[in-house]
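# A structural walkthrough
So you can see what is in the structure, the chains are spelled out below.
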Amino acid sequence: MKKKLELLAPAGDMASLKAAIASGANAIYLGGNAFSARAYAKNFNSEELKEAVAYAHLRDVKIHVTCNILYKDEEYEQLLDYIDYLYTIGVDAILIQDIGLLKLVRQYYPDFEVHVSTQMSLTSLAAVRYFEKLGVTRVVLARETPLENIRYICENSPLEVEVFAHGAICVAYSGQCLMSSMIGKRSGNRGACAQPCRLPYTLKEDGQTLNKEPVYLISPRDLCTIDHMQDFIEAGVTSIKLEGRMKKPEYVAAIVKGYRKAIDHVYDQTPDYTKEDVNDMKQMFNRQYTHGYAFSDYKLVDGDFPGNRGMPLGEVMGYSKKHRTVRLHLTHELNQGDSILLTAIDAGRPVNKMYQRGKLVNQALPGEDVDIEFDTYCDHGEVRKTVSTKLIKSLDTLIHQPRSYRILDLELYAYEGAPLTLVGRCDGLSVEASLEENIDHVKPLTDERIKAQLGKLGATVYKPGDITIYRNEDVAMKVSSLNALRREVTEKMDQALMDVQRSGKTLTLPAPIMQPYEKRMIITVHTLAQLEALMDHYEYLYYYYDEHIEDALALFAKHHHVAGVYLPRILYDQEINDLQKHLQDVSRVIVNDYGSFDLFKKRDVILGPGMNIFNHYSANSFDQSAIISYECDASALETMKQVAHEMILPVYGYIENMVLEHCVVSQYYHHKKIPHCNKCRGHTYELFDRKQVGFKVFTDAYCRNHILHNMPLYIRHHQRYLFSAFVMFYDEKNPLALMRQIEAEKALTDGNNQSIATTKGYLK
C-alpha cells in the first residue's frame, strides 16, 4: 500500500522546526550554516543539527538536509566531512544538486538516502530514469512540470517524486538561472541569489518602449495548491514541499496547519481546511496566489507589486495634514500592533496609535472608521493588513500546546517474589524498567487505577496504546512506583528512538586524472544564415534546435558536413520524443539536460552549459567532453585540467541568464501567459532594468522565454587556458568576421569597426 502523502515543511531555525512539527509536518528540510541554497537563512550549526534530528525523530518526523548548491573543488574535503557528520547523527536524507557530490555520496554511503534537487531541472521521465540507475531515492521535479507529466513520471518510475506545493517560486527554471550571478556575482547555484526577478523592468519591442513606467514583468506570485491535494495523491506524488526557510515560525505554522487539514481530509474525511485557514496563510505573507503551471494557471505574475500583499482591510478615506493621520474605513478587524499597507503609495507601518472620534482605541471593527498615525500623505486607495497580532498569538498557542506524536503500548508484570516490571513498545522498539520492591501491606490497586496511572503520558510525546497487566491479584504496589516505572520507560524509549546506529567513515577523495587531448573550436549558431556563413570554414558546427531544424539538417547535408545539434536546457518527454524523430541520423549532439543525455549518450555527445559542470569531480563523473560552467573562475579552470577527457571553455556568446516558462511579451499584452499566442513572432524584444541596461529576450520553439545577458561573454586570451573553445552566436550578422577576431584573440568590433562591449564573466 502506498504511503500517505508526506507533508514536507521548511525550517530556517529551531523555532521554525518546532512550529512545523507542532502543526503537523511529516518531514522537515533545513540547511547547515554552509553548503546550503539559502545562504541568508539563519540555518543550523553542527550542534543544532544534532538537536534538530533528535527532536524530530522523537516525534516521528524525518529530517532532510539541503546540500543543494554547486561546490568548488577546494570545498570538497570539508564538504565530505560535513556529509559524514550528517550521516553519523542520523539525518534521514540529503538533497543534492552537484552531480559530482551525488555520485561520491552514492559510492561512499550506499545506505544514505539521496534526493535530487529541483536545481537539477528535472522535467522528464527520461531524466528521472538516469537517476534511477544511480540509486537515488527521490527526485524533486521542476516547479513548472504539468500535472499530467508528474503523473506520467510517477506511474513509470519506482523513485519517490516530490513537488513544490506552496510558497515563493522562481520565475526561471531553478538551476538554469544565472541572472543574479552574471549581474552581481551572487549566484543562485551557490545559494546567494539577489532576486533580480523581483525588480521592475520596461519592455521594448523592435526598439520601441511599450510600458513607459517600469513594472514587475518577471516577479511571480506565491504558489498555493491547497485545493489540489486530491490531484497530487491520485497522480502518485510522494511528498509535497512547502517553501519558507527564511520565514518566521508563525508563517510555517500557518501553512503547515492548512495543508495538514487538506491532506487528512482526503485520506480520513476529517474536517477540511477552511477559508479562515487560507486567510491565516495570507496574513502571514503572500504575493497573491497562483496554482502554478502544474495546474495550468498561467497568471503567474501580477506586474504591479512584488512584496507582501497581506489581506484586504478596507479603504483610505482621507488624510489629515494637521494630525498626520490617515482615515480608514474598515471591512475587517484592526488591532493595535497590526501592520498595514497603503497600496496607492506602496508604504506601510505598524499601527502604534489609532483613534476614533479623537480617542485612543486598541481595536476597531468592520464597518467602522479609524484614524491611524501615518507620516506619508495618502488620501485614496486600498489598505491591507500585512501583520495580525491576534493571528500570531493564536499560532503561538498552537505551536506550544502539548501534543502526542507516537503510540506507546505498555505491559506491567507484577508477580509476588519478582521485580515489578514495566515494558514499553513503540514502532518496533522495546524497553523495560524494573523495581525490586513488591508491596503486599497496602490495599491492591484495581486494574483500572493502574491503567489510568500508567496512561498519564501528557508531558511526553506519547499517546497511550494498549496497556496490559500481568499479575497476581493480591499483589499490591504503590502509585509512586508506577509513576517511577512510567518515567523510566518513557525516558528509555526516548533514547531508543533518538539513538543513531551509524559509524563515520574515513574517506579518500579520488585522485586527479589528466589526459591530453587535441584542442577544438566548437561553434553553435542560432540562424540558418549563420550556419551557412560558417559551414565551409569550421568542422564542429552545431545548430541550436528550433522549428527550423529540418532546414538546418538539409543545409548540413547539402554541404556534406557532419551535422551537429545543440539541444535546449529544458525538455519534457513529449518534446524529447519529437526531437528524437528529427535527430535519428544526427551523430553530434550537445545536451543540456539529463533526459537527453541518457537517451543520446552513446552518440558523439558534449555536455552543455545546462549541465552545470562546476568542478572537476562533476566533470570526471562522466566519460563525455563537457563545456565548463559559465560560473567557473580562474582557480576552477586549474582544477578542470585534472580531468580524464576534453574540457571546453566558453569563450564567446550571449549567456542565457534565464529560461522561463513564463512569457514577458504575453504578460505585457495579456497580463498572463497565453501559450503559443505568436505575438512575439517577427519582432525583437529587450527587457530594460532600472539602470537602463537591456537584456535581449527570445522565445524558443516550445514557447519558452530566454533572457540573455546584456553583453556577450568574451574571453579574449582564451588560448592560454589550454582548453577547447566554445562559441555561441545569437543574432550576430557577420559570424565569420567575429570568428576571425576570436581566433586571433583581438578586441571585438562589428562590421563598421565599432567596438563591441563584452564581459569576461567570472574570469575577470
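Notes on the structure follow. Sequence order as written defines residue numbering, which begins from 1 separately in each chain. Per-residue local features of the predicted model are confined to residues with pLDDT of at least 70, and side-chain atom pairs are confined, for both listing and counting, to 80 or more; whole-chain, interface and lining totals are unaffected and use all residues. As a rule here, side-chain values come from all non-hydrogen atoms in the structure, and water together with hydrogens is ignored.

A few words now on the pattern of salt bridges. The salt bridge criterion pairs a side-chain nitrogen of Lys or Arg with a carboxyl oxygen of Asp or Glu, the two atoms within 4 Å. This structure, assessed with the given rule, holds 38 salt bridges. A salt bridge links Asp338 to Lys385; the nearest nitrogen and oxygen atoms lie 3.6 Å apart. A residue pair is termed long-range when its members are at least 10 positions apart, and Asp338 in the loop between β15 (334-335) and β16 (339-342) and Lys385 in strand β22 (residues 382-387) qualify at 47 residues. In this structure, Asp338 and Lys385 share a single accessibility class: buried. Each helix corresponds to a stretch of at least 4 residues labelled H or I by DSSP, and each strand to a stretch of at least 2 residues labelled E; elements are numbered beginning at the N terminus. Relative accessibility thresholds used throughout: buried, under 20% of the residue-type maximum; exposed, over 50%; partly exposed, between the two (1.4 Å probe, protein chains only).

The next subject is the packing of aromatic side chains. A pair of Phe, Tyr and Trp rings is counted when the ring centres sit within 6.5 Å of each other, with Trp represented by its six-membered ring. The angle between the planes then sorts it: under 30 degrees is stacked, over 60 is edge-to-face, the rest tilted. Taken as a whole and judged by the stated rule, the model has 20 aromatic pairs. Both rings, one in Tyr130 and one in Phe597, keep their centres 5.6 Å apart while their planes meet at 80 degrees; by these two values the pair is edge-to-face. In this pair, Tyr130 sits in helix α5 (residues 125-132) while Phe597 sits in helix α17 (residues 594-600), placing the two residues 467 residues apart along the sequence. Look at Tyr130 and you get buried, because its relative accessible area is 6%. Here Phe597 falls in the buried class, since its relative accessible area comes to 3%. Three or more aromatic residues link up through ring pairs in this structure, and these residues are Tyr544, Tyr566, Tyr654, Phe698, Phe726 and Tyr730. Think of it as a cone above the ring: NZ of Lys or CZ of Arg counts as a charge over the ring if it is within 6 Å of the ring centre and within 35 degrees of the ring normal. Seen from the ring of Phe622, Lys103 lies directly overhead, with NZ or CZ sitting 4.3 Å from the centre. Above the plane of the ring of Phe688 lies Lys204, whose end atom (NZ or CZ) is 4.3 Å from the centre.

Below, the discussion takes up the sheet that holds strand β26 (residues 462-471). For two strands to be treated as a pair, DSSP must find no fewer than two bridges joining them. Across the sheet, four strands lie side by side as β25-β24-β23-β26; this open sheet has mixed pairing. The open sheet terminates on both sides in strands that have one partner only, identified here as β25 (429-435) and β26. Strand-to-strand twist across the sheet, computed as the mean angle between neighbouring axes with direction ignored, equals 20 degrees. Note: strand β23 (residues 406-414) against strand β24 (residues 420-426), five bridges, orientation antiparallel. Considered in β24, the bridge of Leu410 is made with Gly424. Across the sheet, helix α13 (residues 479-498) lies against β23, β24, β25 and β26, angled at about 150 degrees from β25, the strand it touches most. Axis lines are fitted through C-alpha atoms, for helices just across the contact stretch, and the angle between N-to-C directions can take any value from 0 to 180 degrees. A contact between two residues is defined here by any heavy atoms of the two lying within 4.5 Å.

Along β24, six of the seven residues are buried, which leaves the element largely enclosed by surrounding structure. With antiparallel pairing between neighbouring strands as the criterion, β23 and β24 make up a hairpin whose turn holds five residues, including Gly417 at a positive phi of roughly 85 degrees. From the end of β24 to the start of β25, which pair antiparallel, there are two residues, and Asp427 there has a positive phi angle of about 50 degrees.

Turning next to the layout of surface pockets. Whether a set of points on the 1 Å grid over the protein atoms alone is a cavity depends on a 1.4 Å probe fitting there but being unable to get out, while an open set qualifies as a pocket with protein on both sides within 12 Å along at least five of seven lines; lining residues are those with an atom within 4 Å of a point. Grid points are joined across faces, edges and corners, and a volume is the space filled by probe spheres set on the points. What the largest pocket holds in volume is close to 1,100 Å³. Considering the residues around the largest pocket, the lining is formed by 40 residues, among which Asn26, Arg59, Asp60, Val61 and Lys62 are closest to the centre. Taken together, the elements giving at least two residues each to the lining of the largest pocket come down to α1 (14-23), β7 (160-167) and β23.

Moving on, we get to the nonpolar core. Soluble globular proteins tend to bury their nonpolar side chains together. Counting 177 residues, the largest nonpolar core has Ile28, Ile94 and Ile240 as its most contacted members. At 10 residues, the largest contribution of residues to this core is made by helix α9 (residues 249-268). Discounting residues that sit within four places of it in the chain, Ile94 has contacts with Val65, Cys67, Ile83, Leu86, Val105, Phe112, Glu113, Val114 and His115. Nonpolar core, defined: a set of buried Ala, Val, Leu, Ile, Met, Phe, Trp, Tyr and Cys residues in which side-chain atoms within 4.5 Å join the residues together. Judged by nonpolar contacts, the second largest core, of 27 residues, contains Leu300, Val665, Cys680 and Tyr685.

Okay, empty space enclosed by the protein next. For the structure on display, the rule yields four cavities of 30 Å³ or more. The space that makes up the largest cavity amounts to roughly 160 Å³. Along the walls of the largest cavity sit 20 residues, with Arg143, Glu144, Leu223, Tyr293 and Ala294 positioned nearest its centre. Taken together, 15 residues make up the lining of the second largest cavity; nearest its centre are Met120, Tyr594, Gly610, Met611 and Asn612. Gly falls in the polar group here, along with every residue not listed as nonpolar (Ala, Val, Leu, Ile, Met, Phe, Trp, Tyr, Cys, Pro) or charged (Asp, Glu, Lys, Arg). When the residues that make up the lining of the second largest cavity are grouped by side-chain class, the tally is five nonpolar, seven polar and three charged.

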